[in-house]
Amino acid sequence: MSDSIFPVPAEVAAHAHVDNSKYLEMYQQSVENPDGFWGEHGKRIDWIKPYTKVKNTSYDYHNVDIKWFEDGTLNVSANCVDRHLETRGDQPAIIWEGDDPSESKVITYKQLHHEVNVFANVLHAQGVKKGDRVTLYMPMIPEAAYAMLACARIGAVHSIVFGGFSPDSLAQRIEGCTSKCIITADEGLRGGRKVPLKANVDKAVEKSPVDSVIVVKRTGGDITMTSGRDVWYHEEADRVSDHCEPVEMNAEDPLFILYTSGSTGQPKGVLHTTGGYLVYASMTHEYVFDYHEGDVYWCTADVGWVTGHSYIVYGPLANGATTLMFEGVPTYPSPSRFWDVCDKHSVNIFYTAPTAIRALMGAGDEHVTKTSRKSLRLLGSVGEPINPEAWNWYYNVIGDQRCPIVDTWWQTETGGILITPLPGATALKPGSATRPFFGVQPAIVDADGKFLDGAVEGNLVITDSWPGQMRSVYGDHERFVQTYFATYKGLYFTGDGCRRDEDGYYWITGRVDDVINVSGHRMGTAEVESALVAHPKVSEAAVVGYPHDIKGQGIYAYVTLMEGEEPTDALKKELVTHVRSEIGPIASPDLIQFSPGLPKTRSGKIMRRILRKIAEDSFDNLGDTSTLADPAVVDDLIDNRQNRG
Ligand code: ATP
Ligand code: MG
């Protein structure tokens, strides 16, 4: 792996909230005296009744119990909206960019306040009360944010299901949290194509009935409304007042449920609560993105993922930021779209996922270089390890070598970013998420749970709680304990493999399940994939192990080529030679399959467990494939699999 170092540029350090010595000092305080540290930083949000207790958490396997700020009360929507009215009522809260480049609009904090109050009253009128679960199945339109904040305003618990999920997946998730109300739109629009949201809801509620369906009009497409159950949002909005008092919530009352993306198995209903989550989302947003008053900030995630929750809606709005919300896809109408939008709205901070970066890298530099991108100051990455190749392209071509990249490691479960550079403090190494955020204590353990010191590789655990941590699996606390606290008793197990280098930097090597053992050498699949992607003809790669008579495990590589490259045997040989020279003979792929598409979750992550099954020849037992973006990819992979011989 490339270990080149990019020091903090002087102008970035001068502008930033913290430099390196400040980071070290604050980090030290945060782990030595969490009560003092978070007691102070908890005040960054507004409390109705201030807390007197700060941290009350136990990782004891027999009694996992996590509480932060437990006697404080607050309202999240008041923090994200009302408290900004006096100082920045006319400032844009949300800049919305539609799927069609001719459509965009600006929503000020004043307007946001109006919209959220109305939406909250519509929910009330539908009989939704404090504590009720509400399922959102929405396109990326401002109403999605209004609906989230409206739930928070009245104390209802939202569960957002990404608009790309099938009716069956939606039904499962409605049932999972027994929600009685769904908020959706007639249709969504993505890349010029219509997404039949309401029709999918109709199918889902045949299996999991609900009392009411609130439908926002987006396209005006033809849909069926069932009377007594379905209502148009705009008609209901006309009937209610635009004043709704925010409900006083306890810090530990639930804020939302969100199902994980399902890369590794059955999705889990992750439960987040109110006070600690908001403190952590807003604090990480400010420090990690070095957010300053007046910045235009854009996170390209969907609100259906946790990144959209914490870093499109809750973190930025709690900080009074201007957050950009994008309805479309990176490649429509052309692969310049992201950069066109940056120019159009003068975006300063841009946060996306490696899958998007790799796809745009494959499309060619000309789509980037014809745009200005002058407003950009900082870039971010999340979702998967970013291969050094993609990192360098992001840095050189997108950021013109001017913008630091924050590679942020975190999970749905963690509520906010845990391991990340801080732009003014951290020298960067491409492919490393670098160092822990304040209050986060990572450690690396071996298979038996023994702590490993120094420069080592093993399993990533977190030894103590931080305010944004999930509190439970909804309705199944035992599953929470078994999933995260049973593998290594007394520690939060992330499920990720990790290497720590001589400088104490953390490198996520992929899921622990994805670590392969070739002739006794343990290897993260991410490393082999990075070597493959570094080849100029390769756009994406996924590597898994398969049973091998001599080596124990062999390396099976699925490779997607760049636009226009020919899949030949000669190229396979070239790739094997390339990996040997990049990493060493031990990492040589035994089998390479050229595959035009890879199975991905709807959040764009490669589902290696399916690739593993295919490589192992166990086709009948592919597990839960309901979260796949394009199930047809799997048949193609099976048809073209390589013989193990
Ligand atoms: P499931 O838990 O259902 O299998 P998932 O883990 O994909 O799904 P998420 O919570 O969306 O669901 O993803 C978190 C995971 O994504 C992390 O555990 C890690 O494997 C990966 N990840 C996220 N950010 C990074 C990053 N910056 N570097 C490396 N890996 C990352
Ligand atoms: Mg996970």
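Residues numbered from 1 in each chain as written. Chains lettered and ligands numbered in written order. Predicted model: local features only at pLDDT ≥ 70, side-chain atom pairs only at ≥ 80, totals over all residues. Heavy atoms only, no water.

Going by what an unreviewed UniProt entry lists, the chain is known as Acetyl-coenzyme A synthetase and is assigned to Roseibium algae. Quoted verbatim from the Sequence similarities (unreviewed entry) heading of the UniProt record, the comment on the chain is "Belongs to the ATP-dependent AMP-binding enzyme family." According to its UniProt record, the chain has this under Catalytic activity (unreviewed entry): "acetate + ATP + CoA = acetyl-CoA + AMP + diphosphate". (UniProt positions renumbered as here; feature names shortened; annotations may be inferred.)

**With respect to the UniProt feature "modified residue: N6-acetyllysine" (unreviewed entry) in the chain**
When the UniProt feature table is mapped onto this chain numbering, "modified residue: N6-acetyllysine" (unreviewed entry) sits at Lys605. Inspection of the secondary structure puts Lys605 in the loop between β30 (591-594) and α20 (608-615). Under the relative-accessibility criterion, Lys605 is labelled buried at 18%. Among the polar contacts listed, one links the side chain of Lys605 to the backbone oxygen of Gly383, at a separation of 3.1 Å. (Helix = DSSP H or I, 4+ residues; strand = E, 2+ residues; numbered from the N terminus. Buried < 20%, exposed > 50% of the residue type's maximum accessible area, 1.4 Å probe, protein only. Polar contact = N/O pair within 3.5 Å; in protein donor to acceptor, adjacent residues only side chain to side chain.)

**Comments concerning the sheet that holds strand β21 (residues 442-445)**
Either a parallel or an antiparallel arrangement is found when strands of a sheet pair, and the pairing is made through backbone hydrogen bonds. Spatially, β21-β22-β24-β25 is the arrangement adopted by the 4 strands of the open sheet, whose pairing is antiparallel. Edge positions in the open sheet fall to β21 and β25 (506-511), since each of these has one partner strand only. For this sheet, the mean inter-axis angle between neighbouring strands, taken without regard to orientation, is 45°. Judged from the 6 bridges that link them, strand β22 (residues 456-462) and strand β24 (residues 492-500) form a sheet pairing that is antiparallel. Across the sheet, Ile462 pairs through a bridge with Tyr492, a residue of β24. (Pairing = 2+ DSSP bridges. Axes fitted to C-alpha atoms, helices over the stretch in contact; angles between N-to-C directions.)

**Topic: the packing of helix α14 (residues 354-363) against helix α16 (residues 388-398)**
The axes of two packed helices give the description: the angle between them and the distance between them. In contact at an axis separation of 10 Å, α14 and α16 are set at 70° when each is read in the N-to-C sense. Relative to α16, α14 is oriented roughly perpendicular. Mapping the contact onto sequence places Ile357, Arg358, Leu360 and Met361 in α14 and Glu389, Ala390, Trp393 and Tyr394 in α16. Its residues placed into classes, the contact of α14 with α16 shows 6 nonpolar, no polar and 2 charged. (Parallel < 35°, antiparallel > 145°, perpendicular 65-115°, else oblique. Contact = heavy atoms within 4.5 Å. Nonpolar A, V, L, I, M, F, W, Y, C, P; charged D, E, K, R; others polar.)

**Description of unusual backbone geometry**
A cis amide bond links Tyr332 to the next residue, Pro333, at an omega of -5°. Within the element layout of this structure, Pro333 appears in the loop between β17 (322-326) and α13 (337-345). Of note, the phi angle at Asp290 is positive, near 45°, even though the residue is not glycine. Of note, Asp290 is situated in the loop between α11 (275-288) and β16 (296-299). Take Asp290: its relative accessible area is 5%, and that puts it in the buried class. A positive phi is found at Asp400, a non-glycine position, where the angle reads about 50°. Residue placement: Asp400 occurs in the loop between α16 and β20 (405-407).

**Here's the deal with the side chain of Thr355**
Note on placement: Thr355 falls in helix α14. According to the relative accessible area criterion, Thr355 is buried, its value standing at 16%. Reaching out from Thr355, the side chain makes a polar contact with the backbone oxygen of Gly604 at a distance of 3.5 Å. If we skip the residues at most four places from it in the chain, Thr355 touches Glu384, Lys600, Ser603 and Gly604.

**Section: the environment of Phe326**
As for its placement among the helices and strands, Phe326 is situated in strand β17. The exposure class assigned to Phe326 is buried, which follows from its relative accessible area of 4%. Along the backbone, Phe326 and Cys299 are 27 residues apart, and their C-alpha atoms lie at a distance of 8.5 Å. With sequence-adjacent residues up to four places away left out, Phe326 is seen in contact with Glu97, Gly98, Met140, Trp298, Arg337 and Phe338.

**Considerations on the pattern of salt bridges**
Note on pairing: side chains with opposite charge can pair once their charged atoms come close. For the coordinates displayed, the defined rule picks out 34 salt bridges. Asp464 serves as the salt-bridge partner of Lys55, at 3.0 Å between the closest nitrogen and oxygen. A residue pair is termed long-range when its members are at least 10 positions apart, and Lys55 in strand β1 (residues 55-58) and Asp464 in the loop between β22 and β23 (472-473) qualify at 409 residues. The partly exposed category is assigned to Lys55, whose relative accessible area is 22%. (Salt bridge = Lys/Arg side-chain N within 4 Å of Asp/Glu carboxyl O.)

**Quick word on the packing of helix α18 (residues 525-533) against helix α19 (residues 569-582)**
Between α18 and α19, whose axes approach to 9 Å, the crossing angle comes to 120°. Taken together, the axes of α18 and α19 lie oblique to each other. Seen along the crossing, α18 lies across α19 with a hand that is right-handed. Facing α18, whose interface residues are Val528, Ala531 and Leu532, α19 presents Leu575, His578, Val579 and Glu582. Residue composition of the contact of α18 with α19, by class: 5 nonpolar, 1 polar and 1 charged. (Left-handed = near helix turned anticlockwise from the far one by under 90°.)

**Quick look at the packing of aromatic side chains**
Using the criterion set out here, one finds 45 aromatic pairs in the structure. A centroid spacing of 5.4 Å and a plane angle of 70° characterise the contact between Phe338 and Phe350, whose relative ring orientation is edge-to-face. Here Phe350 lies in strand β18 (residues 349-352) and Phe338 lies in helix α13, a separation of 12 residues in the sequence. Exposure class is identical for Phe338 and Phe350. Each is buried. Connected via pairs of aromatic rings, a cluster forms that spans Tyr23, Tyr27, Phe37, Trp38, Trp47, Tyr51, Trp68, Phe69, Tyr280, Tyr287, Phe437 and Phe438. (Phe/Tyr/Trp six-rings, centres within 6.5 Å; stacked < 30°, edge-to-face > 60°.)

**Describing the side chain of Asn319**
Within the secondary structure, Asn319 sits in the loop between α12 (306-318) and β17. A polar side-chain atom of Asn319 sits 2.9 Å from a polar atom in the side chain of His285. When near neighbours in sequence (up to four residues on either side) are disregarded, Asn319 contacts Arg44, His84, Arg88, Ser282, His285, Glu286 and Tyr291.

**Some words on the pairing of β1**
As paired strands, β1 and strand β2 (residues 65-68) are joined by 4 bridges and run antiparallel to one another. Looking at β2, one finds that Thr57 is bridged to Ile66. In this structure, the hairpin formed by β1 and β2 is closed by a connection of 6 residues.

**Observations regarding the sheet that holds strand β7 (residues 157-160)**
Read across the sheet, 8 strands follow the order β12-β11-β8-β6-β7-β14-β15-β23 without closing on themselves; strand pairing throughout is mixed. Single-partner strands in this sheet number two, and they are β12 (230-232) and β23. Where β7 and strand β14 (residues 254-259) come together, 2 bridges link them in parallel fashion. Each residue of the ladder has a partner; that of Ser159, found in β14, is Ile257. The sheet strands contacting helix α9 (residues 197-207) are β6 (133-137), β8 (181-185), β11 (212-216) and β12, and the helix crosses β8 at an angle near 155°.

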